[in-house]
Structures are given as C-alpha cells and as structure tokens.
Amino acid sequence: MNQSAVTTIATSNVIMMEIMIYAVASILIVALIDFYAVKKIGDKRRPAYQALKVHKSVTFLIIGAFTAVIGILCVFKDLSVSRYTLTYFGLPYFIASFYYMVKVFRRVRSEARRRRL
C-alpha cells in the first residue's frame with residue numbers, strides 16, 4: 001500500500017480534544033512558571049512581579065483566543081484536517097508559553113542583579 005495515498009483525517013472531535021489538551025497543558029505550564037516567578041521574586045505585591053501581569057494576560061489571551069477560534073470553526077463549520085496539519089495547531093500554545101517563560105526569566109535575572117548591587 002502506498003503511504004502517500006493513505007492520509008488520515010482528523011475530524012472536529014479529534015481536533016477539539018487535541019486543542020483542549022494543548023490549552024490545559026499550556027495553562028499548567030504558565031501556572032508553574034508563575035509559581036517559579038513568585039518564589040524567586042519574593043511576593044506578588046512587589047513591582048517586579050506586578051510588571052509580569054501584562055505578559056501573563058497576553059499569554060492567556062493568545063491561548064484563549066486560539067482555542068475559541070478553533071472551537072468555533074469545529075462546532076459551526078465541521079472542521080477536518082489531515083493529521084499532519086493538526087500537529088501545527090500546537091504552535092500558538094508553544095509560542096505563548098515560551099513568550100511568558102522568556103519574560104519571567106528575564107525579570108527574575110534582572111531582580112537578582114538588582115539585589116546584588
């Protein structure tokens with residue numbers, strides 16, 4: 001059997017399940033990174049941590065917006081894609097988590113340098 005002739009199609013149910021797994025995993029990763037930031041910075045009321053609120057909001061906005069758009073497409077349009085295309089649906093979640101991780105580690109590093117001086 002020829003491999004190029006056989007393509008598996010992911011239906012809306014499969015897409016939504018995978019998107020929800022990506023969303024929950026991304027939210028857990030952001031929560032763990034946030035816990036790390038609180039532990040390293042010291043307190044949620046410090047200005048260094050307060051500056052991270054905007055970045056955390058942007059991260060959750062990206063995660064929520066992408067999940068909502070794909071969810072609406074799945075419910076109303078009966079979206080179906082190949083399994084190969086489905087793997088790229090995780091990219092926005094990775095980018096959002098990576099964005100927040102970079103911002104947190106930069107903030108923690110600058111706080112550590114400020115405290116040493």
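One can find the structure itself at the top, above this paragraph.
Keep in mind the model is a prediction, meaning the values are calculated, not measured.

A.B. asks: What is the right way to look at the side chain of Ser12 in this model?
C.D. replies: Assignment of secondary structure puts Ser12 in helix α1 (residues 12-41). Ser12 sits in the buried class, given a relative accessible area of 8%.

A.B. asks: In this structure, what is going on with the nonpolar core? I would like to understand it.
C.D. replies: Generally speaking, a soluble globular protein has its nonpolar side chains buried in company with each other. Ile15, Ile19, Ile70, Val81, Leu86 and Phe89 are the most contacted members of the largest nonpolar core, which totals 13 residues. Those elements giving two or more residues to this core turn out to be α1, α3 (52-77) and α5 (91-116). Each residue touching Ile19, except ones within four places of it in the same chain, is listed here: Phe66, Thr67, Ile70, Phe89 and Tyr93. Formed by 11 residues, the second largest nonpolar core is a distinct cluster that contains Val38, Ile41, Tyr100 and Val108.

A.B. asks: Looking at this structure, how should I read the packing of aromatic side chains?
C.D. replies: Geometry of an aromatic ring pair is reported as the spacing of the ring centres plus the angle between the planes. As enumerated under the stated definition, the model contains 5 aromatic pairs in all. Pairing Tyr22 with Tyr93 gives two aromatic rings, centres 5.8 Å apart and planes at 35°, and the pair type is tilted. Residue Tyr22 is found in helix α1, and its partner Tyr93 is found in helix α5; the two are separated by 71 residues along the sequence. Ring geometry for Phe66 against Phe89: centres 6.3 Å apart, planes inclined by 80°, an arrangement best described as edge-to-face. With a gap of 23 residues between them, Phe66 in helix α3 and Phe89 in the loop between α4 (83-86) and α5 connect regions that are remote in the sequence. Taken together, Tyr22, Phe66, Phe89 and Tyr93 form an aromatic cluster joined through their ring pairs.

Reading the values: the criteria
Residues numbered from 1 in each chain as written. Predicted model: local features only at pLDDT ≥ 70, side-chain atom pairs only at ≥ 80, totals over all residues. Heavy atoms only, no water. Helix = DSSP H or I, 4+ residues; strand = E, 2+ residues; numbered from the N terminus. Buried < 20%, exposed > 50% of the residue type's maximum accessible area, 1.4 Å probe, protein only. Core = buried A, V, L, I, M, F, W, Y, C linked by side-chain atoms within 4.5 Å. Contact = heavy atoms within 4.5 Å. Phe/Tyr/Trp six-rings, centres within 6.5 Å; stacked < 30°, edge-to-face > 60°.

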